[in-house]
Amino acid sequence: MTAEIIVVTSGKGGVGKTTTSASLATGLAMAGKKVAVIDFDVGLRNLDLIMGCERRVVYDFVNVVHGEATLKQSLIKDKRYDNLYVLAASQTRDKDALTMEGVEKVLDGLSEDGFDYVVCDSPAGIEKGAHLAMYFADHAVVVVNPEVSSVRDSDRILGLLASKTRRAEKGEPPITQHLLLTRYNPARVAIGEMLSVKDVEEILGIQVVGVIPESENVLTASNNGIPVIVDANSLAGQAYSDTVARILGEERPLRFIDVPKKGFLQRVFGG
Amino acid sequence: MNASMDATDACDLRFGQVGLACVRVRRVDAAALCDELERRVRAAPQMFARAAVVLDLSHLLDLPDDGTVDALLEAVRSAGMLPVGLAYGTSETEALAKRMGLPLIAKFRAAYEPATGAPAAVAPAPRSEPAPAPTREPILAAPASGNVGAQHHAGSVRSGQQIYARDRDLIVTGAVANGAEVIADGNIHIYGGLRGRAMAGAQGDEKARIYVSDFRAELVAIAGQYRVFEQIPGDLEGQSVQCWLDGEKLMIARL
């Protein structure tokens, strides 16, 4: 039994990779899977903050890669879900501290420990850190914002996923690609300020696996160290739940992609 | 205005693209070379008799010495062809060409690199136009080497990817994204959208054409004549179009 490796990547920075990694890993854990989430952004460590475990980091990913600590010592157990573990990045090192062999060893180790899923939170860019994060992946979640520069960078990433990964190099079946549209604002799409779901799908030639609406809950949740998926009342949290279900093979209709219709009272009294 | 007396220049200097046969020498054997070429000339005198050819020595392990090269050139001449230059190789070839008083034909640089296998799917393509062959007279087109078919690319070409179909047509069944490049020495057919760049006739074939079923290109080029599109003309955007060369003008029209 080998672990399924999912890379969360985008090319462009600031589109919501870490937020997505945290919610995806948590969502898979909520579905009963044993999950590890790894921060590949060595030097700009953020995932531990979003997961709310920054004060419990003793050993990190780089330590394990260099054999300075064991996996067991470095995996931080999530405080909400017993079957969810975080492997933090090192803030004091840089991307060169990671090696292909070291990363492979860590992923193999997680497989042996019976993990069902390993979520790799990729750094921005297409350099070493991003390359290592995607190299061993079985699935890729490409996070894209509804704006042209993000879409172009995602296109580049989709090309790299199809050529510069272990599956591509060994001629194995290609990585399953999932496109996740985040920061989606239906009202701004309606007045033409943002690309629509259809625009993005058309440009990139693949279907979205989920659409996460722009929402202040995301920021609040991040600042509190709670993955937004845990907040079942927020639209973003519900959209992430839908997305995780779809990645697990369930069919669910897209929600929150149209401008919410105002109810009768709202129309009468404004609001 | 006495300049009007003699308004015409003594000559025009123009670059032209001409096909040129290339004799790729596989082993240093002047007699065998002569025999082989003689056979070709007899078989197709229309095509080969007094045809200008360039000598390509890049497939030999070591560059032969001047005397041997002289003998090879003489073998070509006695077979009935006219050697007009050496194909581009290393700096040694360049020095050799200088000593022989022959031009180096740079056009053959890309096409005759010692890659004998099938062209790789993604090959670094010459970005600029190859220099036109400085031959003295226009001659017959190079013999067509039979039907080489086309290179197929299933699916989309992503931003940052480059596809080069050497010596053949290129068919892309998906889209070509912004920032992606498709290049072919022959024609290009794109059945998805073209948002990136397409360059047909990369080795100078002015008859090459580009066919696109959803036109939104950044740039199209045929045989070095190019057009960039900061703004895509409204009547072409999203339409299926073809591009071709009319003289030196790059034409684009809806299909």
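Parameters at a glance
Residues numbered from 1 in each chain as written. Chains lettered and ligands numbered in written order. Predicted model: local features only at pLDDT ≥ 70, side-chain atom pairs only at ≥ 80, totals over all residues. Heavy atoms only, no water. UniProt positions renumbered as here; feature names shortened; annotations may be inferred. Helix = DSSP H or I, 4+ residues; strand = E, 2+ residues; numbered from the N terminus. Buried < 20%, exposed > 50% of the residue type's maximum accessible area, 1.4 Å probe, protein only. Contact = heavy atoms within 4.5 Å. pLDDT = per-residue confidence, 0-100. Pairing = 2+ DSSP bridges. Axes fitted to C-alpha atoms, helices over the stretch in contact; angles between N-to-C directions. Expected span 1.5 Å × (residues − 1). Arc of directions from axis to C-beta. 1 Å grid on protein atoms, 1.4 Å probe; cavity = no way out; pocket = protein on both sides within 12 Å on 5 of 7 lines; lining within 4 Å. Buried area = accessible area lost by both parts, 1.4 Å probe. Salt bridge = Lys/Arg side-chain N within 4 Å of Asp/Glu carboxyl O.

Per an unreviewed UniProt entry, chain B is named Probable septum site-determining protein MinC, and its organism is Rhodanobacter spathiphylli B39. Its UniProt record, at the heading Subunit (unreviewed entry), says of chain B: "Interacts with MinD and FtsZ." Regarding chain B, the relevant UniProt record gives this comment under Function (unreviewed entry): "Cell division inhibitor that blocks the formation of polar Z ring septums. Rapidly oscillates between the poles of the cell to destabilize FtsZ filaments that have formed before they mature into polar Z rings. Prevents FtsZ polymerization."

As recorded by an unreviewed UniProt entry, chain A carries the name Septum site-determining protein MinD and is attributed to Rhodanobacter spathiphylli B39. In UniProt, chain A has this text filed under Sequence similarities (unreviewed entry): "Belongs to the ParA family. MinD subfamily." Reading the Subunit (unreviewed entry) entry of the UniProt record for chain A gives the comment "Interacts with MinC and FtsZ."

### Quick word on the overall build of chain B
The secondary structure content of chain B amounts to five helices and 15 strands. Here chain B, with 255 residues, has 41% of them falling under the buried criterion. Summarising the internal contacts of chain B: among those between residues at least 6 apart in sequence, 41% fall at separations of at least 24.

### Re the confidence of the model for chain B
Segments scoring low in pLDDT should not have their predicted coordinates read at a detailed level. Residue and element names in this part refer to chain B. Of all residues in chain B, 78% have pLDDT values of 70 or greater, and the mean over the chain is 80. Low pLDDT (under 50) marks residues 107-144, which in the prediction has 72 contacts with non-local residues, meaning those over four places away or in another chain. Prediction confidence for the complex, expressed as pTM and ipTM, is 0.66 and 0.71 respectively.

### Some remarks on the sheet that holds strand E12 (residues 219-222) of chain B
The pairing of strands in a sheet comes from backbone hydrogen bonds and takes either a parallel or an antiparallel form. All names here are of chain B. Taken in spatial order, the five strands make up an open sheet running E6-E8-E10-E12-E13, and their pairing is mixed. Looking at strand neighbours, the two that pair on one side only are strand E6 (162-165) and strand E13 (225-228), the edges of this open sheet. Here the strands of the sheet are splayed against their neighbours by 5° on average, with no regard to which way each runs.

### Some remarks on helix H1 (residues 30-43) of chain B
Residues and elements named next belong to chain B. For H1, with 14 residues, the first-to-last C-alpha span of 20 Å sits near the 20 Å given by 1.5 Å per residue. Looking only at H1, the buried set comprises Leu33, Cys34, Leu37 and Val41. Angular distribution of buried residues about the axis of H1 spans 95°; they occupy a single face of the element. Away from its buried face, by an angle of more than 90 degrees, H1 presents the exposed residues Ala31, Arg42 and Ala43. Contact partners of the buried residues in H1: strand E1 (21-24), helix H2 (45-48) and helix H3 (66-79).

### Details of the UniProt feature "binding site: ATP" (unreviewed entry) in chain A
Residues and elements named next belong to chain A. Per the UniProt record, "binding site: ATP" (unreviewed entry) is found at Lys12, Gly13, Gly14, Val15, Gly16, Lys17, Thr18 and Thr19. In the annotated set above, the residues contributing to the lining of the second largest pocket are Gly13, Gly14, Val15, Gly16, Lys17, Thr18 and Thr19. In this fold, Gly13 is placed in the loop between strand E1 (4-9) and helix H1 (17-30). Here Gly13 falls in the partly exposed class, since its relative accessible area comes to 36%. Summarising the element assignment, Thr19 is placed in helix H1. When sequence neighbours within four positions are dropped, the list of residues in contact with Thr19 reads Val218, Ser222 and Tyr240.

### Focus on the sheet that holds strand E4 (residues 84-87) of chain A
Residue and element names in this part refer to chain A. Read across the open sheet, the eight strands follow the order E3-E4-E2-E5-E1-E6-E7-E8; overall the sheet is mixed. The open sheet has two free edges, formed respectively by strand E3 (76-77) and strand E8 (208-213), since each of these has just one partner strand. Summarising the sheet, strand E2 (residues 35-39) and E4 pair through four bridges and their orientation is parallel. Within E4, the residue paired with Val35 across the bridge is Leu84. Packed on one face of the sheet, H1 meets E1, E2, E4, strand E5 (117-121), strand E6 (139-144) and strand E7 (176-184) and runs near 170° to E5.

### Some remarks on the interface of chain B and chain A
On the side of chain A, 10 residues touch chain B, which itself brings eight residues to the contact. Approximately 800 Å² of surface area, both sides summed, lies buried where chain B meets chain A, with 40% of it carried by carbon and sulfur atoms. Its largest share of buried area at the contact with chain A, chain B owes to Arg158, Ser159 and Arg195 of chain B, together 63% of the area lost on that side. Remark: the boundary between chain B and chain A carries two salt bridges. Across the pair Glu218 of chain B and Arg152 of chain A runs a salt bridge whose closest N-O atoms are separated by 3.8 Å.

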